[in-house]
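Here is how the chains run, residue by residue.
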Amino acid sequence: RRLPFYEIWLPVQMPILTGEMATRALREGGYAGLIVGMTGDPSGCPERSAFEAAGLTECVDKDNPGVKRVAELLRSAITALATRPLP
């Protein structure tokens, strides 16, 4: 039995596709779940803006506050999954 992904985490830079390209492909393929992007690009730069516009649920920075936000998001996901009945 296959279980759907609850969240997908993507970096902005990857070897084959960019995070923007992968996010667009996931959304165009019908994925409606959470997609969290991670980047070191500053807010407002063209690469980060394009990544966010591709359909991210949230974009976090690779700095200390960003890492804290990652921990919050993971705790939230674990709580949501623990209270959800299995299919």
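Summary of the structure given here. Just so it is clear, the structure is predicted and the values come from calculations on it, not from any experiment. (Residues numbered from 1 in each chain as written. Predicted model: local features only at pLDDT ≥ 70, side-chain atom pairs only at ≥ 80, totals over all residues. Heavy atoms only, no water.)

Points about the overall build of the protein
Thinking step 1. Helix and strand content of the protein: three helices and three strands.
Thinking step 2. Once the C-alpha set of the protein is aligned to its principal axes, its extents read approximately 40 × 30 × 20 Å.
Thinking step 3. Expressed as a percentage of the 87 residues in the protein, the buried residues total 28%.
Thinking step 4. Look at the contacts in the protein between residues 6 or more apart in sequence, and 53% of them connect residues 24 or more apart.
Thinking step 5. Carbon and sulfur atoms form 61% of the exposed surface of the protein, whose accessible area is close to 5,900 Å². (Helix = DSSP H or I, 4+ residues; strand = E, 2+ residues; numbered from the N terminus. Buried < 20%, exposed > 50% of the residue type's maximum accessible area, 1.4 Å probe, protein only. Contact = heavy atoms within 4.5 Å. Areas by Shrake-Rupley, 256 points an atom, 1.4 Å probe, with all protein chains shown as cover.)

Structural notes on the pairing of strand 1 (residues 7–11)
Thinking step 1. Sheet analysis places strand 1 next to strand 2 (residues 34–39), joined by five bridges and oriented parallel. Its bridge partner being in strand 2, Ile8 is matched across the sheet by Ile35.
Thinking step 2. On the question of chirality, the crossover connecting strand 1 to the parallel strand 2 by way of helix 1 (residues 19–28) is right-handed. (Pairing = 2+ DSSP bridges. Right-handed = clockwise from strand over helix to strand, strands pointing away.)

Section: the sheet that holds strand 3 (residues 58–61)
Thinking step 1. Spatial strand order, 1-2-3: three strands in an open sheet with parallel pairing. Both outer strands of the open sheet, strand 1 and strand 3, are each paired with one neighbouring strand and no more. When the angles between neighbouring strand axes are averaged without regard to direction, this sheet yields 25°.
Thinking step 2. Pairing between strand 2 and strand 3: four bridges, direction parallel. Bridge pairing in strand 3 places Met38 opposite Val60.
Thinking step 3. Strands in contact with helix 1 are strand 1 and strand 2; relative to strand 1, the strand with the most contacts, it is inclined by about 155°.
Thinking step 4. Strands strand 1, strand 2 and strand 3 of the sheet are contacted by helix 3 (residues 64–82), whose axis makes an angle of about 140° with strand 3. (Axes fitted to C-alpha atoms, helices over the stretch in contact; angles between N-to-C directions.)

Re the environment of Lys68
Thinking step 1. If you trace the backbone, Lys68 turns up in helix 3.
Thinking step 2. Expressed as a C-alpha distance, the spacing of Lys68 and Thr83, which sit 15 residues apart in the sequence, is 23 Å.

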